Amino acid sequence: MSEAARDTPGLVLRPREGRPFRFDPGTLCLELLPTGGIGPYAVYEVLREPADLVRWAGESRLPAGLALTVSAAELVLARHLRSALWRLTQDHAEGRGPGPDDLDVVNAVAAAPPLVARIDAEGRRAWAPEATGTALLSTVARDAVDLLTGPFAERIRVCEAHDCALLFVDTSRPGRRRWCAMERCGNRHKVRAHRARHTESAEEGT
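Not measured: the values here are computed from a predicted model.

Caption draft 1: Focus on the overall build of the protein chain. Within the protein chain one finds seven helices and eight strands. Looking at the protein chain residue by residue over its 206 residues, the buried ones come to 40%. Taking all contacts inside the protein chain whose residues are at least 6 apart in sequence as the whole, residues at least 24 apart take part in 58%. Just so you have it, the protein chain exposes about 11800 Å², and 54% of that area is on carbon and sulfur atoms.

Here's what the structure looks like:
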């Protein structure tokens, strides 16, 4: 990923229908969710092999330069954590209490040592060598702990489109963000509303 691309927050999602769009969920842990899931989200699965988790880390909001090694077992753990995060954040957004099993998953993953940043010989920010998938997932889980217990916990939202389940943190000042992305669900809503108004006007004119 280019440095220019990293200056723009969020991931580029490529839905099975429609054009790619940039989705900024506002926090690292929610960036893991669009990689797939269980049930109806299985069709969006992109974490099929360890290299896929490495690629996701490179596309995430983590600073560039992470040299990461991921094992098959760590890939399984990533999917397990992702499922727990889906349920926890969706339950929170919809006013339900957290599932104890999901809390156990996040807390257990967060207990491992996280990724470590350091200063290199030229005074620049860098990552400590020999980073693992376990450390990556610990960093993601700790981010989820911070989110769910911090000031933006009540700003976790589910996209209001009837056919979209993406979750995001509403960091806008008025707290009125409704869509995963204006260029996708927001624009589709505007088009539907425009068509509905024209249809209603046409029917009234007949």
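Now that the structure has been shown, we can carry on.
Caption draft 2: Broad picture of the nonpolar core. Core analysis: the biggest nonpolar cluster contains 50 residues, and Leu53, Trp56, Leu81, Leu85 and Cys180 have the highest contact counts within it. Excluding residues within four positions of it along the chain, tryptophan 56 makes contact with Leu11, Leu28, Glu31, Leu32, Thr35, Leu136 and Val140.

Caption draft 3: Quick look at the packing of helix H4 (residues 72-93) against helix H5 (residues 100-110). Running from N to C, H4 and H5 point in directions that differ by 130°, and their axes come no closer than 9 Å. One finds that H4 runs oblique with respect to H5. Handedness of the crossing formed by H4 with H5: left-handed. Packed against H4, whose contacting residues are Leu77, His80, Leu81, Ala84, Leu85, Arg87 and Leu88, the element H5 presents Asp102, Leu103, Val105, Val106 and Val109 at the interface. Partitioning the contact of H4 with H5 into residue classes produces nine nonpolar, one polar and two charged.

Criteria and cut-off values
- Residues numbered from 1 in each chain as written.
- Predicted model: local features only at pLDDT ≥ 70, side-chain atom pairs only at ≥ 80, totals over all residues.
- Heavy atoms only, no water.
- Helix = DSSP H or I, 4+ residues; strand = E, 2+ residues; numbered from the N terminus.
- Buried < 20%, exposed > 50% of the residue type's maximum accessible area, 1.4 Å probe, protein only.
- Contact = heavy atoms within 4.5 Å.
- Areas by Shrake-Rupley, 256 points an atom, 1.4 Å probe, with all protein chains shown as cover.
- Core = buried A, V, L, I, M, F, W, Y, C linked by side-chain atoms within 4.5 Å.
- Axes fitted to C-alpha atoms, helices over the stretch in contact; angles between N-to-C directions.
- Parallel < 35°, antiparallel > 145°, perpendicular 65-115°, else oblique.
- Left-handed = near helix turned anticlockwise from the far one by under 90°.
- Nonpolar A, V, L, I, M, F, W, Y, C, P; charged D, E, K, R; others polar.

Geometric values such as these leave the question of function open.
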